[in-house]
Each structure stands twice: as structure tokens, then as C-alpha cells.
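Each chain is listed here by its residues.
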Amino acid sequence: MIDIKLPNHVGIIMDGNGRWAKAHKLPRVLGHNAGMESMKKIVKATSGMGIKYLTVYAFSTENWKRSTEEVSGIFKLIVKYVNMELKELDENNVHINIMGEYDMLPKESVEAIDKMLRTLEKNDGLIFNIALNYGGRDEILKSVKTLYKECIREGKDIDLLTEEDISRYLYSGTANLDIPDPDLIIRTSGEERMSNFLTWQSAYSELIFTETLWPDFSEDEYRKLLEAFSQRKRRFGGRNEGDK
Ligand code: FPP
């Protein structure tokens, strides 16, 4: 445990695997493999620190535009991750939740994910959300469609809909895991944008961008960024957090 005010929910845009691979004269898929190793370390550290929620951006709805080789390489990594990590995730009481439509992934990846979800279903430690085939706008659109159908079916007045109604049908709502909005979102590799990650939920998140490429992101840097987060005054559009 570190003696600072930890966030309850951390989101991470794990960017820079491709550039890391290029710098090491390796194929892109090996960059993603190194990214997966980095992810393993950070999941362990997050769980060890007692942070309750972690969400990582593993594959966006836009990532389908990449080469077949790269896309299928990332999906194979999921199978590898499950085979390598499932036992330890279970021992660490980690619960995994997928945000996104993963049923269109190759059969072996879907089966590995289903096995992982089943095995970790009863765990109540870290809630580790993997955004997979995820897009923030797509998530909002799906929620709005579901709400619209609910209004028609149940004769509800559309004018009475609230922000909470939209939240209820986002992946973070339908998981029934009380997933709060992220307090902190970290993006590696020097890019400073959100790229369709947690578009609705990030409205009041603190953002930290670091130049480090994701495969080089260390537990030590993670702790430093958490410390930087703990120094920030959050205002949520009003007065400072904690002000009377
Ligand atoms: C962004 O780097 C990274 C991704 C699109 C994939 C992230 C995937 C992993 C870390 C592996 C996930 C594994 C599991 C098991 C969920 P980039 O390729 O856009 O890097 P670049 O901008 O330098 O090209």
C-alpha cells in the first residue's frame, strides 16, 4: 500500500506498442506481446494497491482497420494471456469484465474469454475491465437505442429520461458491478487524445499523458502518476473536492 489518496477507478489507454516494436526492429505483433507483459505487471500492481477498478483499452472498434496479421495477432494474445494468467488472476481474487462485443472475435479467443469470465466470476477483488472491440460513441448509441425501445415498450415519456438512464445501459452499467466513472485516465506514448475511450464516463476524469511507450511503462512510473493524481484538486464543475 502507498500512503496517498488512491483513485477508485483507473482507465489506461495502452498506446505505443507499434512504435516500441519499430524501435526494437521487431514485428508489430511482438510490440503487442510486450504490451501484454506490461499489462500483466500493471494489473498485479493495481490489485496489490487495493484500487477497486481498472479499465484498459485493448482493442477499439477502429482497430479492425489494421492488417489482418496484426488484428489476428492481438486476438491470439488474448488466448495466450488466459492460458498464462488465469490461475494467478484467480489467486489474486481478480474479477474480469469485458466492455465491448467480443462475440465477433475468432472462436478460440471467444472460448478463452468465456472460460476466463466463468473462472473468475465469483471473485470480488479488483474489477478488471477489458475494453475489447469497444468504441465510446458506439456504446452511447447502443444505450440510447435500448432506452428508446424501453420507452416505446413501457409507454415511458422520453422527456423524463435522465443522464442516469443513459449510464444504466452503457457496458459499465449493464455489468451490474457498480462501476463508477474513472477518476484517472492515463495514456502512454505521448499522444494526447481520448480516441473514443470511455467517452461518456470520462466527463470529469483527470487525464495524465506520459511519453513512455506502453511496453516500457513500469510499476514505478505508475506509482509516480498515482501520486501526481493525488495532488490534483478535483472540482467536478463546482468547488474543490472536499471543500465545505
Ligand atoms: C496501441 O498501440 C495498442 C493496441 C491497439 C493494442 C493493445 C493490446 C495489448 C496491450 C495486448 C492486450 C492483451 C490482452 C490479453 C487484452 P499501437 O499499436 O497503436 O502503437 P503505435 O501507436 O505505436 O503504433
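The structure under discussion appears in the preceding block.
Computed from a predicted structure; not experimentally measured. (Residues numbered from 1 in each chain as written. Predicted model: local features only at pLDDT ≥ 70, side-chain atom pairs only at ≥ 80, totals over all residues. Heavy atoms only, no water.)

Points about the overall build of the protein
Moving on, step 1. The secondary structure content of the protein amounts to eight helices and six strands.
Moving on, step 2. Relative to the 2.2 N^0.38 estimate, which gives 18 Å for 244 residues, the radius of gyration of the protein is 18 Å and therefore close to what a compact globule would have.
Moving on, step 3. Dimensions of the protein, computed from C-alpha atoms along their principal axes, come out at roughly 60 × 45 × 35 Å.
Moving on, step 4. Counting all 244 residues of the protein, 49% fall into the buried class.
Moving on, step 5. A fraction of 76% describes how many contacts in the protein between residues 6 or more apart in sequence connect residues 24 or more apart.
Moving on, step 6. Of the roughly 12900 Å² of accessible surface on the protein, 51% is carried by carbon and sulfur atoms. (Helix = DSSP H or I, 4+ residues; strand = E, 2+ residues; numbered from the N terminus. Rg over C-alpha atoms; globule rule 2.2 N^0.38 Å. Buried < 20%, exposed > 50% of the residue type's maximum accessible area, 1.4 Å probe, protein only. Contact = heavy atoms within 4.5 Å. Areas by Shrake-Rupley, 256 points an atom, 1.4 Å probe, with all protein chains shown as cover.)

Brief notes about the pairing of strand 6 (residues 206-209)
Moving on, step 1. The side-chain alternation of strand 6 yields one buried face, formed by Glu-206 and Ile-208, and one unburied face, formed by Leu-207 and Phe-209.
Moving on, step 2. In this sheet, strand 6 lies alongside strand 5 (residues 184-187) in parallel orientation, the contact comprising four bridges. Pairing of Ile-186 across the sheet is with Ile-208, part of strand 6. (Pairing = 2+ DSSP bridges.)

Looking at the site of the ligand
Moving on, step 1. Of all residues adjacent to the ligand, which total 16 residues, the nearest are Gly-18, Arg-19, Arg-28, His-32 and Arg-66.
Moving on, step 2. In the environment of the ligand, an oxygen atom lies 3.3 Å from a nitrogen or oxygen atom belonging to the backbone of Gly-16.
Moving on, step 3. Side-chain polar atom of Arg-19 to an oxygen atom of the ligand: 2.7 Å apart, as the coordinates give it.
Moving on, step 4. Considered on its own, the ligand offers 630 Å² of accessible surface; in the complex 91% of this is hidden by protein.
Moving on, step 5. Taken together, the elements giving at least two residues each to the shell around the ligand come down to helix 1 (17-23), helix 2 (28-49) and helix 3 (68-91). (Near = heavy atom within 4 Å. Polar contact = N/O pair within 3.5 Å; in protein donor to acceptor, adjacent residues only side chain to side chain.)

Observations concerning helix 5 (residues 136-154)
Moving on, step 1. Here helix 5 contains 19 residues, and its C-alpha end-to-end distance of 27 Å stays within 8% of the 27 Å for a straight helix at 1.5 Å per residue.
Moving on, step 2. In the core, the buried residues of helix 5 are packed alongside strand 3 (95-99), strand 4 (127-134), helix 6 (163-168) and helix 7 (171-174).
Moving on, step 3. Directly after helix 5, the chain includes Gly-155, whose backbone phi takes a positive value near 60°. (Expected span 1.5 Å × (residues − 1).)

Focus on the pairing of strand 4
Moving on, step 1. Burial of strand 4 is extensive: eight of the eight residues sit out of reach of the surface.
Moving on, step 2. Across seven bridges, the pairing between strand 2 (residues 53-60) and strand 4 is parallel. Bridge assignment links Val-56 to a residue of strand 4, and that residue is Ile-130.
Moving on, step 3. Pairing analysis gives five bridges linking strand 3 to strand 4, with the strands arranged parallel. Of the residues in strand 4, the one forming a bridge with His-95 is Ile-127.

Some remarks on the side chain of Gln-201
Moving on, step 1. Relative to the assigned elements, Gln-201 resides in the loop between strand 5 and strand 6.
Moving on, step 2. For Gln-201, a relative accessible area of 3% corresponds to the buried category.
Moving on, step 3. A polar atom in the side chain of Gln-201 sits 3.2 Å from the side chain of Glu-139.

Thoughts on the side chain of Ser-189
Moving on, step 1. Structurally, Ser-189 is set in the loop between strand 5 and strand 6.
Moving on, step 2. In terms of polar contacts, Ser-189 uses its side chain to reach the side chain of Arg-19, at 2.9 Å.
Moving on, step 3. Apart from residues lying up to four places away in sequence, Ser-189 is in contact with Asp-15, Gly-16, Arg-19, Thr-210, Glu-211, Thr-212 and Leu-213.

Some words on a nonpolar patch on the surface
Moving on, step 1. Together, Tyr-148, Ile-152, Ile-158 and Leu-161 make up an exposed nonpolar region whose accessible area comes to about 390 Å².
Moving on, step 2. Take Leu-161: it is sitting in the loop between helix 5 and helix 6. (Patch = residues over 30% accessible without salt bridge, like charges linked within 9 Å, V, L, I, M, F, W, Y side chains within 5 Å. Salt bridge = Lys/Arg side-chain N within 4 Å of Asp/Glu carboxyl O.)

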